[in-house]
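If you want the building blocks of each chain, they are given just below.
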Amino acid sequence: MKQTTVYLCQNCGASSPKWLGKCPQCGQWNTYVEERVAKPTKGRAGLVEVSRNAVPQPLSQVQSSNERRIDSGLEEVNRLLGGGIVPGSMLLLGGEPGIGKSTLSLQIALSATLDRVLYVSGEESANQVKIRADRLAASTDRCLVLNETLLENILTQCQGVNPSLLVVDSIQTLYSEAVESSAGSVSQVRECAAGLLRYAKTSGVPVLLIGHINKEGTIAGPKVLEHIVDVVLQFEGDSTHMYRVLRSVKNRFGSTSELAMFEMQGDGLRQITNPSELLLGERDAGLSGVAVAAAVDGARPMLVEVQALVSSAAYGTPQRSTTGFDVRRLNMLLAVLEKRAGFKLATKDVFLNIAGGVRIVDPGIDLAVVAAVLSSNFDVALPPDTAFAAEVGLSGEVRGVARLEQRIAEGQRLGFAHTMAAAHAREGAIPQRLKAHYRPIARVEELAKWVLGR
Ligand code: TYD
Ligand code: MG
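Residues numbered from 1 in each chain as written. Chains lettered and ligands numbered in written order. Predicted model: local features only at pLDDT ≥ 70, side-chain atom pairs only at ≥ 80, totals over all residues. Heavy atoms only, no water.

Here we look at the site of ligand 1
Then step 1. Every one of the 15 residues lining ligand 1 counts as a neighbour, but Gly98, Ser102, Thr103, Gln265 and Gly268 are closest to it.
Then step 2. At 2.6 Å, a side-chain N or O of serine 102 approaches an oxygen atom of ligand 1.
Then step 3. Residue glutamine 265 places a main-chain N or O atom 2.6 Å away from a nitrogen atom belonging to ligand 1.
Then step 4. When isolated, ligand 1 has an accessible area of 560 Å², and the protein chains bury 76% of it.
Then step 5. Listing elements by their share of the shell around ligand 1, those giving two or more residues are α2 (101-111), α3 (126-136) and β11 (259-265).
Then step 6. A per-element tally of the shell around ligand 1 places α2 first, with 3 residues.
Then step 7. Here the shell around ligand 1 is composed, by residue class, of 3 nonpolar, 7 polar and 5 charged. (Near = heavy atom within 4 Å. Polar contact = N/O pair within 3.5 Å; in protein donor to acceptor, adjacent residues only side chain to side chain. Areas by Shrake-Rupley, 256 points an atom, 1.4 Å probe, with all protein chains shown as cover. Helix = DSSP H or I, 4+ residues; strand = E, 2+ residues; numbered from the N terminus. Nonpolar A, V, L, I, M, F, W, Y, C, P; charged D, E, K, R; others polar.)

Encoded structure:
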């Protein structure tokens, strides 16, 4: 095979014949590294090799294995995957170091209802894996540990062991003899992933890959692999908080608008089946600046507490700081408040916090943010029986949001008698049984009056 030298972006895998400071594809700086690669021959670069005697066949006669799903042993992970692990699929679990990827994969390896799981660890010794498994307090008979980083050896071991699930921790530690560059480089990561994909597709054994993400982009990121694998799960969270959010970013066998929450404990990750109760757990209802949003992340309703602190700006430029919420969105909402509700924008510092360290992408949080800011600004506590679920538009209009019925129902389930939402809710968005819990509001001015006027 002919070897050549190219420069590859370690973030997205784009290639260039010369070094570039900024990647034109993903916009990252300083990510190009020189790598020796084999001249691409046909059928490589992540494509499934078609066997020589493959023949076209009518779709109706193709055997479907969709009904069979492997129980991962974790209810929440199954739900996220759309029912379980699909045989022959390749999954990528991405996340920053220390977030709990190894812990989660080992928990799956130990609790999945399978005969044999092969856990390949390139990062930790078998002894370290054992110590971790003991912490997780589960039986270890069905789980085999292999300390190996050479792809060809792993594949040979797989032929012998014939596992029902292969876990690889992590893809960045693997290397293949077919490629010259060092482990963790784009060409190694691609080559190894392609080799494992071929194994998964030909043997029907699902492969769970762990991939590190680092912000500097000095190691080949999971971005390089996203188009190769069937499922991408992203583990995120704040390392200072116990809560972890697992999102499905890509899923060929289910929806991507799903999320599961976990709590890191002394004996591993615990599934949180009821996020609202947890996120509202430490709430003190009598304080000003606190509002509860009936949010939806993906398809799941959850109540989150929005905390705002508004104070007089001590220096010339007012400060705006947020955690878990887009600061530009906050600035926009504050500008709306200035125009519509007499909020003195230029003289106030505003701090905003979504409690629990979770980041939720949902425009339906807007109204709760506005309510929390007004509540802190006027130093008036909001009524503890009201949750908020609406988007706020540029002219101060309160807009409807998706899944209003679920939001109101979740609020009611957790003891909120009312959920404030757009007055122009879609016809039929609120069923009869929830009508009494719906409090319509059309404009932010009304909200300001309501906050002050009680
Ligand atoms: P780890 O799974 O090693 O993270 P990753 O593989 O993503 O780098 O675990 C991360 C942290 O979790 C580590 O700092 C120790 C902690 N931890 C617990 O708190 N409880 C446990 O039971 C385990 C196994 C780990
Ligand atoms: Mg790890």
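Some points on the sheet that holds strand β10 (residues 243-251)
Then step 1. Reading across from one edge, β6-β5-β7-β8-β4-β9-β10-β11-β12 is the order of the 9 strands in this open sheet, with mixed pairing throughout. Looking at strand neighbours, the two that pair on one side only are β6 (143-146) and β12 (268-272), the edges of this open sheet. Geometrically, the sheet is characterised by an average inter-axis angle of 25° between neighbouring strands, direction not taken into account.
Then step 2. The pairing of strand β4 (residues 90-95) with strand β9 (residues 231-237) spans 5 bridges and is parallel. Paired with leucine 92 across the two strands is valine 232, which belongs to β9.
Then step 3. Packing against the sheet, α2 makes contact with β4, β5 (117-121), β6, β7 (165-169), β8 (207-212), β9, β10, β11 and β12, and its axis sits at approximately 170° to β8. (Pairing = 2+ DSSP bridges. Axes fitted to C-alpha atoms, helices over the stretch in contact; angles between N-to-C directions. Contact = heavy atoms within 4.5 Å.)

Structural notes on the nonpolar core
Then step 1. Counting 52 residues, the largest nonpolar core has Val304, Ile365, Val373, Phe388 and Leu447 as its most contacted members.
Then step 2. No other element matches the 8 residues that helix α8 (residues 366-378) contributes to this core.
Then step 3. Each of two domains, domain 2 (70-273) and domain 3 (283-452), supplies a minimum of three residues to this core.
Then step 4. In contact with isoleucine 365, not counting residues within four places along its chain, are Ala293, Ala295, Val304, Val306, Phe325, Ile354, Ile360 and Ala390.
Then step 5. Counting 32 residues, the second-largest nonpolar core is a separate cluster that includes Ile70, Leu93, Ile99 and Leu106. (Core = buried A, V, L, I, M, F, W, Y, C linked by side-chain atoms within 4.5 Å. Buried < 20%, exposed > 50% of the residue type's maximum accessible area, 1.4 Å probe, protein only. Domains from an automatic or database assignment.)

Thoughts on the confidence of the model for the chain
Then step 1. Looking at the chain as a whole, its pLDDT mean stands at 86, while 89% of the residues score no less than 70.
Then step 2. The low-confidence segment residues 43-47, where pLDDT is below 50, has 6 contacts with residues more than four positions distant or belonging to other chains. (pLDDT = per-residue confidence, 0-100.)

Considerations on the pattern of salt bridges
Then step 1. Summed over all chains, the structure comprises 16 salt bridges.
Then step 2. A salt bridge links arginine 247 to glutamate 236; the nearest nitrogen and oxygen atoms lie 2.9 Å apart. Of the two residues, arginine 247 is situated in strand β10 and glutamate 236 in strand β9; the sequence distance between them amounts to 11 residues.
Then step 3. In this structure glutamate 236 comes out as buried when scored by relative accessible area, which is 18%.
Then step 4. Among the ionic contacts, a cluster of salt bridges with common partners joins Lys201, Asp230 and Arg252. (Salt bridge = Lys/Arg side-chain N within 4 Å of Asp/Glu carboxyl O.)

Some thoughts on the packing of aromatic side chains
Then step 1. According to the stated counting rule, one finds 2 aromatic pairs in the structure shown.
Then step 2. Plain terms: the ring middles of phenylalanine 235 and phenylalanine 262 are 6.1 Å apart, the flat faces sit at 85° to each other, and that makes the pair edge-to-face. Here the residue phenylalanine 235 occupies a position in strand β9, and phenylalanine 262 occupies one in strand β11, the gap between them amounting to 27 residues. The residues phenylalanine 235 and phenylalanine 262 share a single accessibility class, namely buried. (Phe/Tyr/Trp six-rings, centres within 6.5 Å; stacked < 30°, edge-to-face > 60°.)

Observations concerning the environment of leucine 246
Then step 1. Within the element layout of this structure, leucine 246 appears in strand β10.
Then step 2. Note: C-alpha distance between leucine 246 and leucine 233 (13 residues apart in sequence) is 6.6 Å.
Then step 3. In contact with leucine 246, other than residues within four places in its own chain, are Val77, Leu80, Leu93, Leu104, Leu233, Gln234, Phe235, Glu258, Leu259, Ala260 and Phe262.

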